[in-house]
Amino acid sequence: MVRKVKKVVKVLFVLILGVLISGCTKSDAVKFKEEYESLNGKTTSSGKEYRKLEISEDNPFVYLSTKELLEKIDNQETFLVYFGYTSCPWCRSVIGPLISASKDNDVSKIYYIDLYEIRDILKLEDGEIIIEREGTKDYKEILNKLDNLLEEYTLTNGEEEIKTGEKRIYAPSVVSIVKGKGTKLTLGISKLQTDPYMELSGEMIEESYNSFVEIIKEINNSDLCEIGSEC
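Residues numbered from 1 in each chain as written. Predicted model: local features only at pLDDT ≥ 70, side-chain atom pairs only at ≥ 80, totals over all residues. Heavy atoms only, no water.

Participant: Explanation requested: the nonpolar core in the structure shown.
Facilitator: Among the nonpolar cores identified, the biggest contains 47 residues, and Phe32, Leu69, Val81, Tyr82 and Phe83 are the most heavily contacted of them. Looking at this core element by element, the count peaks at six residues for helix α4 (residues 89-104). Excluding anything up to four places from it in sequence, valine 81 contacts Leu69, Ile110, Tyr111, Ile113, Ser173, Val174, Val175 and Ile177. (Core = buried A, V, L, I, M, F, W, Y, C linked by side-chain atoms within 4.5 Å. Buried < 20%, exposed > 50% of the residue type's maximum accessible area, 1.4 Å probe, protein only. Helix = DSSP H or I, 4+ residues; strand = E, 2+ residues; numbered from the N terminus. Contact = heavy atoms within 4.5 Å.)

Participant: How do you make sense of the packing of α4 against helix α6 (residues 202-220) when you look at a structure like this?
Facilitator: A packed helix pair is summarised by two numbers, namely the angle formed by the two axes and the spacing between the axes. Contact geometry for α4 and α6: axes closest at 8 Å, N-to-C directions at 45°. Of the possible angle classes, the one that applies to α4 and α6 is oblique. For the pair α4 and α6, the sense of crossing is right-handed. For the pair formed by α4 and α6, the contact residues are Val94, Pro97, Leu98, Ser100, Ala101, Ser102 and Asp104 on the first element and Ile205, Ser208, Tyr209, Phe212, Val213 and Ile216 on the second. Here the contact of α4 with α6 is built from residues that sort into nine nonpolar, three polar and one charged. (Axes fitted to C-alpha atoms, helices over the stretch in contact; angles between N-to-C directions. Parallel < 35°, antiparallel > 145°, perpendicular 65-115°, else oblique. Left-handed = near helix turned anticlockwise from the far one by under 90°. Nonpolar A, V, L, I, M, F, W, Y, C, P; charged D, E, K, R; others polar.)

Participant: Hey, could you run me through the sheet that holds strand β1 (residues 61-63) in this one?
Facilitator: The strands that make up a sheet are held in pairs by hydrogen bonds between backbone atoms, and each pair lies either parallel or antiparallel. The five strands are arranged β1-β3-β2-β8-β9 in an open sheet whose pairing can be described as mixed. Sheet topology places β1 and β9 (181-186) at the edges, where each strand pairs with a single neighbour. Pairs of neighbouring strands in the sheet enclose a mean axial angle of 30°, with direction left out of account. Sheet topology places strand β8 (residues 173-178) next to β9; five bridges connect them, and they run antiparallel. (Pairing = 2+ DSSP bridges.)

Participant: Where do I start with empty space enclosed by the protein in this structure?
Facilitator: If a probe as big as a water molecule is rolled over the atoms, it shows which places are left empty. Tallied over the full model, the rule gives one cavity of 30 Å³ or more. As a volume, the largest cavity reaches approximately 30 Å³. Every residue along the wall of the largest cavity is listed here: Ser93, Pro97, Ser190, Gln193, Leu200, Met204, Ile205 and Ser208. Of all the elements in the fold, those that place two or more residues in the lining of the largest cavity are α4 and α6. It is α6 that contributes the most residues to the lining of the largest cavity, three residues altogether. A class-by-class count of the residues in the lining of the largest cavity yields four nonpolar, four polar and no charged. (1 Å grid on protein atoms, 1.4 Å probe; cavity = no way out; pocket = protein on both sides within 12 Å on 5 of 7 lines; lining within 4 Å. Points joined across faces, edges and corners; volume = space filled by probe spheres on them.)

Participant: What am I meant to see in the packing of aromatic side chains here?
Facilitator: Both the distance between ring centres and the angle between the ring planes are used here to describe each pair of aromatic rings. For the structure shown, the criterion picks out ten aromatic pairs. Each ring, one from phenylalanine 61 and one from tyrosine 82, has its centre 5.7 Å from the other, and the planes form 50°; the classification is tilted. One end of the pair, phenylalanine 61, is in strand β1; the other, tyrosine 82, is in strand β2 (residues 79-84), and 21 residues separate them in sequence. Judged on exposure class, the residue phenylalanine 61 and its partner tyrosine 82 are both buried. Plain terms: the ring middles of tyrosine 63 and tyrosine 112 are 5.1 Å apart, the flat faces sit at 80° to each other, and that makes the pair edge-to-face. Taken together, the positions of tyrosine 63 in strand β1 and tyrosine 112 in strand β3 (residues 110-114) put the pair 49 residues apart, joining distant regions of the chain. Here a set of aromatic residues connected by ring pairs shows up, and it is made of Phe32, Tyr36, Phe61, Tyr63, Tyr82 and Tyr112. (Phe/Tyr/Trp six-rings, centres within 6.5 Å; stacked < 30°, edge-to-face > 60°.)

Structural data, given as structure tokens:
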């Protein structure tokens, strides 16, 4: 009887361990799909409906921490990195064309940095710029590394634009990094798209797609091949 109990306990332990391991080893591609699709059918605080997304489980996204990104830059590696976050409406507008462009151009890996918690947030209060939240130390270091590609962080007061004196990584941003140097950045947003929630026309999608193809060329034309296929 004791042996049977021990055997049952052992089997249960193996099953539980298997479940835990399975959960821990969920691929980044599946995680990305689930995170972005989790907002399908939901609305923003202002009542806007999030754009519905259907993302393949074999998408190219690999999660990267800010520390790992800085290490890859310091190691003079060549790769693509996508900066965005799940609830960003502009990100949800371009993620489809980005995935299509990567598949059509043999890109198997795009690193993903979630901007939501790491960026600084500034606001205007009685005409004064107030720091609502400080960006992380790593985020500020990334700003330094990509300074040549970044635009200034501006705030709006009616029709007036107020410069903050700081650079900003806007979402979405796809950046090509060649031998540790940022060479090109694109938001991937069609010039015809004036509202992040509007229905996308074929022309808008094509324009986004083409902008991503151009930045992929920065990587595929380099003499390194970290991305796309194994060297």
